[in-house]
Structure formats: structure tokens, C-alpha cells
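If you want the building blocks of each chain, they are given just below.
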Amino acid sequence: MKKVLFLLITLSILTVRTYSQIHSTAIGGLWNDPNTWVGGAIPGSGDDVIIEGPVIHGSASGYTILTEYCKNLTITSNGSLKNAEYGGGSGIFPLVVSGNVVNNGIVSDGTSDFIKIFISGDLENNNIWMPYETEFQTANNHNLSLAPGKSFGSRLRNNGSPSFTALTDMLFTCDYSVDGNLYRDHFYLNGQTFNIGNHSIELRQCLINKGTLTGDFEILGNFTTGWTEGYDIKDTLLFVGNVTVTDTLTGNIYGGGYGIYKLKVIGNLINNGVIKDDYDTGGRPKISYDVNSVLNPDDLELLITGNIINNGIWECNFTTLIGNGTQTIYQSDGKMFDGYLTYLGSANELNAQSNITITKDFGLNNVTLQMNNHTLNVHRWLTNGKINNCVLYNGYLQNINSLNNLIITGTVTVDNNNVFHGSVILQDTLQSNEYGGGSTVFTLPIIGDITNYGVIKNINDGDMLSLEVYGNIYNEGKWENSFTKFTGTSTHHITSLKNKVLSGDFSILDSSGTVVADNDLIFSGNINLGRAEIDMQNHEISLNNNRWISNGYIKNAKIKNGMLSHLRLLDQIEINGRVEIENNVDAIANIIVNDTLSTIAYGGGTGAFYFTVYGNIENSGLFGQIYDDVLRLYINGDIVNKGIWNTDQNNLMFFKNNTNCSLSCINTSSTNMQVNGSVITGSGAPAYSIISGGGIQTISPNQSYDLSLQFTPTSGDTTATLNIDCTEIGSLNNIHLIGYNYNTTVDIKEEKSPVLPNEFVLNQNYPNPFNPSTKISWQSPVGSWQTLKVFDVLGNEVATLVNEYKPAGSYEVEFSTLGGSASGRNVAHESLRASGVYFYQLKAGDFIQTKKMLMIK
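Not measured: the values here are computed from a predicted model.

The helix and strand inventory of the chain stands at zero helices and 91 strands. In the chain, which comprises 857 residues, the proportion classed as buried is 51%. Long-range contacts, defined as pairs at least 24 residues apart, comprise 45% of the intrachain contacts of the chain with a sequence gap of at least 6. If you sum the accessible surface of the chain, you get close to 35,400 Å²; carbon and sulfur atoms cover 46% of it.

So, in C-alpha cells, the structure goes:
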């Protein structure tokens, strides 16, 4: 570009003259030539000038640059104003207007030199306005107006004005070319205010530098925020009011390395067009003012105090919410926020009014994001805040609290310091983060229920996911993480569909908690009950042969495979696989062995393992040892043997309040079994007697050798031995009898003492959603007539589950969409006809409570 020469010549006017309105002739001429003006007077600073022909700012005396003056300037539709040629290089011809300018004609530069107009008043353009520069002076407001379809086509500069006011829609083209290259130029607000009002503003190849734009205005064209002089980034541009982007809002090209241009909006921002960084992902070419050179790495950051509505393309790299009140965010279907989104405001919540997609990180900065059951899709990190009632699709979570209901529909990766409150429904994938520097465990507390229809897993073999569940588990998918831990003192229900494996180690962290199985369960890892109880409700619990279940109570269970340690068996226990026991295992239960119950392999020589049973044992498989390690049984109950009884030692225990035990040995072979008699020997033999059965017998196939023993307590404990002369009944032919002269301290029906509730509680049904059945539980602190009914959304009664007097206690009923009755429980007698929301209501005296449930067919 050529050097620009600017000469300001001050003339001293010595003569006195009268200022008036001066018109140019129709043929015009040079400003400094008297022949140009009607009446022959060259205009001065106090004259109003009306240009009605082609006027050229220049001197009649040659290549001289003079500063010309007038008061108000009007250019008619036949008029024009240009500069002369300087002749010594590029020169700027100044015109100082101390009043207002109205242009109905043409104002533009000459062939090579330039014209600059200084204005102290207002500017109205109704045709072509393209001087080199328009500079506004004085500390007054300047009004700007345009005729429809017209623009300000060159640089505007503020030099003292506190504000500008748009009286019409604004269009700034600011474009000029040098040597065939098109360049951007500026409206230099220089930190002052431009009041747009309710008008639109369009910038074509034009920038507005630092300052404030006010009003509820619309952006048309390509509005670029930023600074180009010296490749420098200046202060943040400020919008005060509600802004609608109809076309394009971009950041500038920095040119001196990586730069971030900031635009602050104190109001709402509606995007119906394009918001983007002025860059392309194609690389980093040379930086130029040339608008055709758009490949550069610079970014735009929007700082917004109000609400966001995105109906278009939102591709600026940084969007920051900085409001003091609740801000809302909305996107139309198929739209997204392609960049980083950060909340830095001071309010308590951010409100989503639609599905939200963010392609980079979303930082919440401790605010609550109310998703209102919409979908949140975060391609990268979601950090430091709360999400409420959210459908979460993808994202890496760190320091996130989920409140109320959470539905996971994509791949969600959790780091540490996340907590899920309320119900969690997993429809796709929940996994641990990848540490990258070695193995680590990522812990996720779930303070509520979790329903899995998808995949729960570790991201790799080293980095593991640990779930801490305070509620219930319902599994229909793949449960493949390393650790699942029940925590809290409540009763936890666990349900897993047939053939679904619960992988990893399971444990209970609170000894006062209880886990209730609602169907058969398959585990691939160890189970540590943490001194708590798991009630299998006569369902099967299946483990791998080399996995442990330990440290607690297991009740009403069908155990298939696994190893038992530090465990008490309660009520009814069935052994259906290969189960091995270690020391510190006993039973207050009736035990049925259908397969194998034996000792573990000690591994360091021969070990003796002791098993105490307060109940009966019925063996149809193998009971005893299969290794060098031996099993020694102590039993206060009856023995029925239909299989292989291979214990090292059998001890029958008797007590003052439990003096009878019986023995039955079934002949399972195809030939007769000969028993040559039974006798009790030893020092305590007088305290025992065979009260039925026994003696010499021939037992045919499928028949049994039976005897019953009676203990008569004496003054002290006594011991004796029952000898049965028959090698075919295995180790049962030699049984030690132990009699205690005191009552038993345990009973087969022993359970934890019931604790009466201290308040009415109606629990959420489980599972929820459900199909075909669900369970409803409640507790009552007092006895009363109680009704439990189900209604549809119209208030029509669907079923009556309970209608009777009930004493204080805890209760549970099953509600089925199939109708009928099952397992002695109260079941709905009418079928539901459609999927949807239903309500169940408990009435007990003055207590009334209603809860919602969802049935899916």
C-alpha cells in the first residue's frame, strides 16, 4: 500500500463575512474554485453547503492539499464529492463539517488519493458513502441513518463522541481494494457506545472494534468482531440487549499467533444463522488482512448473561455463560454447540429447554443443570456441577452429581468424584475412565436404584469401575465391572434376568443392610457380605468353582458352586453344584445336598474343617471330603442320606430342649443292603436310647434304614457313640453323640428380631419401569385398616391389592399385569390394558400417600 500523506493547513481569515447557504453549480468543479459555487463565494466553516453537481475537493492552484470547512453539508441526488489528485503520492484531502451531513448523491475517493470527512453532528446516507474515512468529533451523540438498501461503505472512526444512535437498520460494507486485493476495515468505536435500538446491523468485510452496542438488534451479513491493526487483540466488544444472529457472527483473524476474540452479550442471544471462529480446519497458512485468506487458528469466545437459543450453526470455540440469574439454553432438532461450553455465572441453576449437544467440554462450575428429561450429549468432558432429570448421551464425567432420574443412552465414562442420586436407567454403556499411567479404581456411588439394559464395564483390564449402590439393582444387560458394593442400612433388592451374569466382586458395606434376591442370580466374582444378610427367597445363587461367598448370612438359598467362608446359612439351603466350605461356616437351616458339599483343599497338608448345623441334612449327592482335608460335622437335627456320605467325623448334638434326632440311610443300589445291628457305647451311653428303628435289618433297594435317638439329660454333659454295623452307609456307621445339660441357644427359625417402624412409609415400587409385575412395599407404625389400590391416569381404579386390618409392621405385595394370584401374595385381579403411567395409593387411618409407576409392554 502506498504511504498516506495527511496535511492539515490552518488558514487565518482576516476578513469579516456573513455566513449563508451556498449551492454548487450544476457543472460543479474544484471546491477551492469560486466558479464552482453559485455567487462565486468559496464556502467557509459557518456556511451550509448544498452540492448539486460534481464537486472535487482540491485546489485550483495545483497539487496542494487544503483543509476545507463547512457547517451543514447536503449532497443532492445529482451531486457528488470526490478528492483531486495530489500528484506526490497518496494524499488525504480533509473536509471538516461542524454540523450534520445528508447524502443523496455520491461521496467517494478519487483515482489514487483519498478524501476524509470530519463530522461533528449526524450522518444520513441515502445513496453512496465511500470516502476513505469518516471521523466523528465532539462529545455529542451522533445519529446515523441509512436509506433502505444503502450502506456506509468505508471506515468510520470515533474521536470524542460518547455514543452513536442508529435511526434505521445499519449496513456497513467497509470494503476497499488495493492492487486488486479486498481488505476489511473498521467502525472504530474506541470504547464508546453504539445504540442500535431495535434495528438490524449488517457488516460486510467490516469490523467494529472495542466498545458497546446497545438495543435489541439483529445481525445481518457477516459481523466480525476483533481488531486488525498491528495484529493485536484489543478489549472485549460488548452487546447490551437481546441479539438475533440472522446471518453470520465471527471472530477476526489475529495474525500474530493464536488469539481469542471476546464478545460479551448482556442479554439473550438467538442464533438463526452462523456463529463461528474465522478459521478453517485445513491448516495455518500465512496471515493476511485479505478476507479471502480464512485458514487460520484464531478463536471467538462469547460471554453471555442471558438465554441462548440456537436454531443455526454454532461453531465458535468458546461459549461462556456469565449471568447472575437462571439462564436457559435451547437448540433446535439436529443442531449443536460445536465447541466448549462453560458456566461462570453466579446463579444456582442453568435450565435446558431442549436436547443439548456439545462437541467439546462442558464445565458447570458448581451450577445445577436442569435437563427437564431432555437429552444431554457431551462428546468430551462434563465437569464440576449437578445434572437433574437428565437423559445422558455420552460424555466423560468428573465431579458430577446427578440428581433425581438419570437415563444413560450413550457411552458414559466416569472418573472419580461423581455421585448419581435417584434412579439410574442404563440403556447403553457405563464404563470407567482410562487412567493411562497404571491401574486405578474409579468409584461411582449410586444413591438410589440402578436398572441396566446395556453394559456396565471396565474400560480396560487395568482401570476398573466400582459401583456403590444405595438402592436396588435390576439387570437385563451385561454387568461386567470389577466391583459392585451395596451400601446403606436399607433393604436392597437385586434382580437379574435368566442367564445374565453379574461379573466382578460383589460386597455389602453396611452390616445392618440386607440384600433380597428376586430371582436366580449368577455371579462370576467373589461375594463379601460384610456381616450382612442376603435373602435368596429360595432362588439359586450360582458362583464359579473358585470364587468365594463369605463373611455374613445367606438365607433360603439354592447354592450352585463356589466356596463358603465365615458364613452362616439360614432357614432352607439347597446345594446344587460343587460347594466347598472352610472353617467358620455353620448353619441354622435345613440343608439339602443334591450335588456336592465338601471341604476346600487346604493346600499345606491335611486340614480339618468343622461344620455345625442346627437343622436337618438331606444328602442325595456327596457330603464330605474329596481331598486329603477332612470334614467334621456337628449337627443338632436329623440326617437323611440318599447318596455318598464321606465325612471324617459325625457328631449328633442333643440339648435339654431338643432331645430327639433321627437317622435315615436310603439303599440306592440295585441289591439288598444288610445292616447287622445298632448299639450305643461309651461312658455316657445310659443317657441315650434308640426309641425307634435300628436293629438287624435287610434293606431292599430304594428302602431305608431308620432309627430315632432320645437323649435324657443327666447331671452333666455326656458323650457316647452310635455304632451301626453296615459298611455301605459310609462314615455314618460311627456317630459320636454329644449331650448338653442346657437349652439350645439357637433355633432353626432364628431370625433377626423384628424392629417395628416408627413412621408410615410408602416405598417406590420395584422394578420401575416394570413388565409384567412389580413389588410395592410399605411400613406402618400402628395397626389400622389399610387399603392399597392402583389407578390409571384418568383416576379409574385398576385393582385393589389390600383391603384389610393390618398390625404394625412392614409389608410387601406383588402387582401383576397378568392378573390372578401367585405364591400366596396379593396380586392384582385385573389386567392393565396399555403401557403408561399408573398410580398406587395407600390409605391407613389418616395417612394417605400416592406414588407413580410406569408400565412398559
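Glancing now at the sheet that holds strand β86 (residues 773-780). Strand order across the open sheet formed by three strands is β85-β86-β89, with antiparallel pairing between neighbours. Here the strands that pair on one side only, and so sit at the sheet edges, are β85 (761-762) and β89 (809-816). In this structure, β86 lies alongside β89, joined through eight bridges in antiparallel fashion. When the sheet's bridge partners are listed, lysine 775 is paired in β89 with glutamate 814.

Pairs of aromatic rings are described using the distance from one ring centre to the other and the angle between the two planes. As enumerated under the stated definition, the model contains 28 aromatic pairs in all. For the ring pair phenylalanine 318 and tyrosine 340, a centre distance of 5.3 Å and an interplane angle of 15 degrees mean the geometry is stacked. Placement of phenylalanine 318 in strand β37 (residues 318-321) and of tyrosine 340 in strand β39 (residues 340-343) is noted, with a sequence separation of 22 residues between them. Accessibility expressed as a relative area gives 21% for phenylalanine 318, which makes it partly exposed. Overall, tyrosine 340 belongs to the partly exposed group, its relative accessible area being 21%. The positively charged end of arginine 157 is found above the aromatic ring belonging to tyrosine 188, 4.2 Å away from the centroid. Of note, lysine 485 hangs over the ring of phenylalanine 483, and the distance from its end group to the ring centre comes to 5.8 Å.

It is worth spelling out the state of the cysteines at this point. Applying the stated criterion to the full structure yields zero disulfides. Not engaged in a disulfide, the cysteine cysteine 726 finds its nearest cysteine sulfur in cysteine 665; these two sulfurs lie 7.7 Å apart. Here cysteine 726 falls in the buried class, since its relative accessible area comes to 4%.

Examined against the element boundaries, isoleucine 400 turns out to sit in strand β46 (residues 395-408). Expressed as a C-alpha distance, the spacing of isoleucine 400 and glycine 363, which sit 37 residues apart in the sequence, is 10.0 Å. Setting aside anything within four residues of it in sequence, one finds isoleucine 400 in contact with Leu364, Leu382, Thr383, Asn384, Gly385, Ile387, Asn417, Asn418 and Val419.

Looking now at the pattern of salt bridges. All chains considered together, the criterion is met by 13 salt bridges. For the salt bridge of glutamate 133 with arginine 155, the shortest nitrogen-to-oxygen distance reads 3.4 Å. With a gap of 22 residues between them, glutamate 133 in strand β15 (residues 133-137) and arginine 155 in strand β18 (residues 155-159) connect regions that are remote in the sequence. Judged by relative accessible area, glutamate 133 falls into the buried class, the value being 3%. Two residues, lysine 775 and aspartate 518, come together in a salt bridge whose shortest N-O distance is 2.9 Å. Of this pair, lysine 775 sits in strand β86 while aspartate 518 sits in the loop between β61 (514-517) and β62 (521-523), and the two are 257 residues apart along the sequence. What makes lysine 775 buried here is its relative accessible area of 14%.

Attention now moves to the confidence of the model for the chain. Chain-level statistics for the chain give a pLDDT mean of 87 and a share of 88% at 70 or above. Scored below 50 in pLDDT, residues 228-233 shows 20 contacts in the model against residues more than four places distant or in partner chains. Below a pLDDT of 50 lies the segment residues 748-754, which in the model reaches 15 contacts outside its immediate sequence neighbourhood of four places, other chains included.

For the rest of this paragraph, the subject is the environment of serine 692. Within the fold, serine 692 resides in strand β80 (residues 688-693). A relative accessible area of 35% means that serine 692 is categorised as partly exposed. The sequence separation of serine 692 and leucine 707 amounts to 15 residues, and the corresponding C-alpha distance is 5.3 Å. Among all residues touching serine 692, those that are not within four sequence positions of it are Asp706, Leu707 and Ser708.

In this section: the sheet that holds strand β91 (residues 847-855). Here we have four strands laid out as an open sheet, ordered β88-β87-β90-β91, and antiparallel in their pairing. Sheet topology places β88 (797-806) and β91 at the edges, where each strand pairs with a single neighbour. Looking at each pair of strands side by side, their axes are set apart by 15 degrees on average, direction ignored. In this sheet, β91 lies alongside strand β90 (residues 836-844) in antiparallel orientation, the contact comprising nine bridges. Looking at the pairing, lysine 843 lines up with isoleucine 848 of β91.

A few words now on the side chain of serine 565. For serine 565, the position within the fold is in strand β66 (residues 562-575). Setting aside residues no more than four positions away along its own chain, serine 565 makes contact with Trp548, Ile549, Ser550, Asn551, Glu582, Asn583, Asn584 and Val585.

For β15, a buried count of four out of five residues is recorded, marking the element as mostly surrounded by other parts of the structure. Both strand β12 (residues 114-119) and β15 contribute to a ladder of four bridges, which runs parallel. Bridge assignment links isoleucine 119 to a residue of β15, and that residue is phenylalanine 136.

This part takes up the pairing of strand β57 (residues 483-486). Burial of the side chains of β57 is restricted to one face: Thr484 and Phe486 are buried, whereas none of Phe483 and Lys485 on the reverse face is. By the bridge criterion, four bridges tie β57 to strand β60 (residues 505-508) in an arrangement that is parallel. Counted as the bridge partner of phenylalanine 486 is isoleucine 508 from β60.

With that settled, consider the nonpolar core. Counting residues in each nonpolar core, the largest one holds 164 residues, and the members touching the most others are Phe194, Ile201 and Phe611. The residues touching isoleucine 201, leaving out its near neighbours within four places in the chain, are Met170, Phe172, Phe194, Ile196, Ile208, Leu213, Phe217, Glu218, Ile219, Leu220 and Phe223. Formed by 19 residues, the second largest nonpolar core is a distinct cluster that contains Phe770, Leu788, Ala799 and Leu842.

Attention now moves to the environment of asparagine 733. Here asparagine 733 lies in the loop between β83 (718-724) and β84 (734-739). Using a relative accessible area of 24% as the deciding quantity, one classes asparagine 733 as partly exposed. Between the alpha carbons of asparagine 733 and asparagine 723 there is a distance of 5.6 Å; along the sequence they are 10 residues apart. Apart from the residues within four sequence positions on either side, asparagine 733 is in contact with Leu722, Asn723, Ile724, Cys726 and Thr727.

Attention shifts here to the side chain of serine 120. Looking at where serine 120 falls in the secondary structure, it is placed in the loop between β12 and β13 (123-125). Residues contacting serine 120, with those up to four places away along its chain left out, are Val97, Ser98, Gly99, Gln137, Thr138, Asn140 and His142.

The step from tyrosine 766 to proline 767 runs through a cis peptide bond, and the omega angle for that step is -5 degrees. Mapped onto the fold, proline 767 is located in the loop between β85 and β86. Geometrically, the link from asparagine 768 to proline 769 is a cis peptide bond, its omega value of 5 degrees lying close to zero. In this structure, proline 769 sits in the loop between β85 and β86. Of note in the backbone geometry, threonine 138 takes a positive phi value of approximately 70 degrees without being a glycine. With respect to the helices, strands and loops of the structure, threonine 138 is situated in the loop between β15 and β16 (142-146). Relative accessible area serves as the criterion here: at 32%, threonine 138 is assigned to the partly exposed category.

The rules behind each value
- Residues numbered from 1 in each chain as written.
- Predicted model: local features only at pLDDT ≥ 70, side-chain atom pairs only at ≥ 80, totals over all residues.
- Heavy atoms only, no water.
- Helix = DSSP H or I, 4+ residues; strand = E, 2+ residues; numbered from the N terminus.
- Buried < 20%, exposed > 50% of the residue type's maximum accessible area, 1.4 Å probe, protein only.
- Contact = heavy atoms within 4.5 Å.
- Areas by Shrake-Rupley, 256 points an atom, 1.4 Å probe, with all protein chains shown as cover.
- Pairing = 2+ DSSP bridges.
- Phe/Tyr/Trp six-rings, centres within 6.5 Å; stacked < 30°, edge-to-face > 60°.
- Lys NZ or Arg CZ within 6 Å of the ring centre and 35° of its normal.
- Disulfide = S-S within 2.5 Å.
- Salt bridge = Lys/Arg side-chain N within 4 Å of Asp/Glu carboxyl O.
- pLDDT = per-residue confidence, 0-100.
- Axes fitted to C-alpha atoms, helices over the stretch in contact; angles between N-to-C directions.
- Core = buried A, V, L, I, M, F, W, Y, C linked by side-chain atoms within 4.5 Å.

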